[in-house]
Amino acid sequence: MIPTIRITPRGEDRLRSAHPWIYRSDLRDPSAGPGSIVRVVGPKDRLLGQALYSDRSQIALRMIARGEAVIDAAFWRARLAAAIGFRNALGLDATAYRLVHGEADLLPSLIVDRYGDYLVVQALSQGMDRLLPELVPILVELTGARGVLARNDPRVRLLEGLEQTVQALHGEVPEAIEATEGPITYMVDPWHGQKTGLFLDQRENREAAARYARGRVLDCFSYNGGFGLRLAAAADRVEALDSSADAVARITENARRNGITNLEAREANVFDELRHLEREAGRYDTIVLDPPAFAKNKASVQKALAGYKQINLRVLRLLAPGGYLVTCSCSYNVDESMFAQVVYEASVDSHVPVTVVEKRMQGRDHPVLLGVPETYYLKCLVLRKLS
Ligand code: SAH
């Protein structure tokens, strides 16, 4: 017997707006096991669909199907095959990319990234956590993966009352996997690297940035080298900055592996380093700013905006006239218009006239589900300094 959960009129309105989440405050008399699949009915018992239930998170229900549907292995197989088929059709010039982007693939709270012959999965709700043992064999069958790693260590799992664990669920997963992105080869450590190993969402922005790069390049928040390595071919010289010693070691190693000799990586706090460079106006022709999410929640938005403004203002001064700035924000809580406003204010305060050359977002393998703003988090602007 599938348990039934009744929701309020407000919850029903939300479902009608295409959003798949129902908050706990919109449930009437919830009673189902953690992570179970439940029938969702409206205030008058009309069947609305089926959902994954969480007994801990404020997001109590994540819809998986509207109306009647049989949720069985064939159902999941069809959903996963659709997500994988979409990526295959994109013709990506990379061996590392996202196969499943949660809600945007109608597979709420499931992330699957491909690194060559290996998959890295994340289950970010009780329901997905419970389903993983059923989904992994289907993923293996559909992709022919040699190994599957669960990188179930994101902090959001704590909100679900789930433990943070990293473990192989299928085959053996090495600590070093070779991945290519266009002309660049990386060694990726899916067990310990940030996110699932690489910042896959920036792949197409790295490609775009390479079209503008020239002269002296500064790659701020470089991690293991995403932008810097890609831009090196068009640059005289690349300086990459990251506060993590491990990231600096990796970018240096990745540069060597790719035969790149004009890149120098330094361990530095970008905020401090940009202050030190204050007197060097006009020193760089191309600058990339790809900071971590400064606004992890609503409460930190004001502080985050001040941080974004400060670094953008400083790098606009550091750019030579005619130079390009590729500036990004991956804070979901700072939306597109807030980010554009911050960059505008940075240009006013630095007295630097700027044109917007491109407006970009996360790569196509991380699509945005209309009506679900949470699936749109990465903003990227390519700007040109006029004088
Ligand atoms: N541009 C990278 C991804 C950057 S992720 C790519 O394309 O792959 C953000 C990086 O910023 C992380 O590597 C983190 O170590 C680093 N970081 C965080 N705070 C920092 C700071 N204050 N100064 C320098 N680096 C910082």
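Right above here is the structure, for reference.
Every value quoted in this text rests on a predicted model; they were computed, and no experiment measured them.

**Considerations on the overall build of the protein**
Summing up its helical and strand segments, the protein has 10 helices and 20 strands in all. Computed over C-alpha atoms, the radius of gyration of the protein comes to 22 Å, within 12% of the 21 Å expected from 2.2 N^0.38 for 387 residues, which places it in the range of a compact globule. Overall size of the protein, expressed as C-alpha extent along the three principal axes, is 70 × 45 × 35 Å. When burial is assessed residue by residue, the protein has 56% of its 387 residues classed as buried. The long-range fraction of contacts in the protein, counting pairs at least 24 apart against all pairs at least 6 apart in sequence, stands at 63%. Separation of charge centres in the protein, based on 49 positive and 48 negative side chains, amounts to 4 Å.

**Describing the sheet that holds strand 2 (residues 21-23)**
Taken together, 6 strands build an open sheet; the order of strands is 2-6-5-4-1-3 and the sheet is mixed. A single partner strand is all that each edge strand has here, and the edge strands are strand 2 and strand 3 (27-28). Lying on the sheet, helix 1 (residues 9-16) is in contact with strand 1 (4-7), strand 2, strand 3, strand 5 (47-53) and strand 6 (59-66); it crosses strand 2 at an angle near 160°. The sheet strands contacting helix 2 (residues 73-90) are strand 4 (37-41) and strand 6, and the helix crosses strand 6 at an angle near 90°.

**Regarding the nonpolar core**
Core analysis: the biggest nonpolar cluster contains 38 residues, and Y115, L198, L229, I260, L263 and V326 have the highest contact counts within it. Apart from residues lying up to four places away in sequence, I260 is in contact with I184, L229, A232 and A255.

**A short note on the packing of aromatic side chains**
Applying the stated rule across the entire model yields 7 aromatic pairs. Considering the side-chain rings of F221 and F294, the 6.5 Å spacing of their centres and the 70° angle between planes classify their relative orientation as edge-to-face. In this pair, F221 is assigned in the loop between strand 14 (215-220) and helix 6 (226-231) and F294 in the loop between strand 17 (284-289) and helix 9 (301-318), connecting sequence segments 73 residues apart. Classification of F221 by relative accessible area gives buried; the value is 16%. Judged by centre distance (5.9 Å) and plane angle (75°), the rings of Y308 and F339 are edge-to-face.

**Things to note about the packing of helix 2 against helix 3 (residues 126-143)**
Two elements in contact, helix 2 and helix 3, have axes whose closest approach is 10 Å; the angle formed by their N-to-C orientations is 60°. By the criterion of interaxial angle, the relationship of helix 2 to helix 3 is oblique. Seen from above, helix 2 lies across helix 3 with right-handed handedness. Taken together, the residues of helix 3 that come into contact with helix 2 (itself represented by A73, W76, R77, L80, A81 and I84) are M128, L131, E134, L135, I138, L139, E141, L142 and T143.

**Let's talk about the sheet that holds strand 20 (residues 379-385)**
Taken in spatial order, the 7 strands line up as 16-15-14-17-18-20-19 in an open sheet, and their pairing is mixed. One side of each edge strand has no neighbouring strand; the edge strands of this open sheet are strand 16 (263-267) and strand 19 (354-361). When strand polarity is set aside, the average angle formed by the axes of neighbouring strands in this sheet is 15°. Inspection of the sheet shows strand 18 (residues 319-329) paired to strand 20 by 6 bridges, in the antiparallel sense. Across the sheet, residue V326 finds its bridge partner in strand 20, namely V382. Contacts from helix 5 (residues 203-210) reach strand 18, strand 19 and strand 20 within the one sheet, and its direction differs from that of strand 19 by about 150°. Each of strand 15 (235-242) and strand 16 is contacted by helix 7 (residues 245-257), which is oriented at about 170° to strand 16, the strand it contacts most.

How each quantity is defined
- Residues numbered from 1 in each chain as written.
- Predicted model: local features only at pLDDT ≥ 70, side-chain atom pairs only at ≥ 80, totals over all residues.
- Heavy atoms only, no water.
- Helix = DSSP H or I, 4+ residues; strand = E, 2+ residues; numbered from the N terminus.
- Rg over C-alpha atoms; globule rule 2.2 N^0.38 Å.
- Buried < 20%, exposed > 50% of the residue type's maximum accessible area, 1.4 Å probe, protein only.
- Contact = heavy atoms within 4.5 Å.
- Lys, Arg positive; Asp, Glu negative; His and termini not counted.
- Charge placed at Lys NZ, Arg CZ, Asp CG, Glu CD.
- Pairing = 2+ DSSP bridges.
- Axes fitted to C-alpha atoms, helices over the stretch in contact; angles between N-to-C directions.
- Core = buried A, V, L, I, M, F, W, Y, C linked by side-chain atoms within 4.5 Å.
- Phe/Tyr/Trp six-rings, centres within 6.5 Å; stacked < 30°, edge-to-face > 60°.
- Parallel < 35°, antiparallel > 145°, perpendicular 65-115°, else oblique.
- Left-handed = near helix turned anticlockwise from the far one by under 90°.

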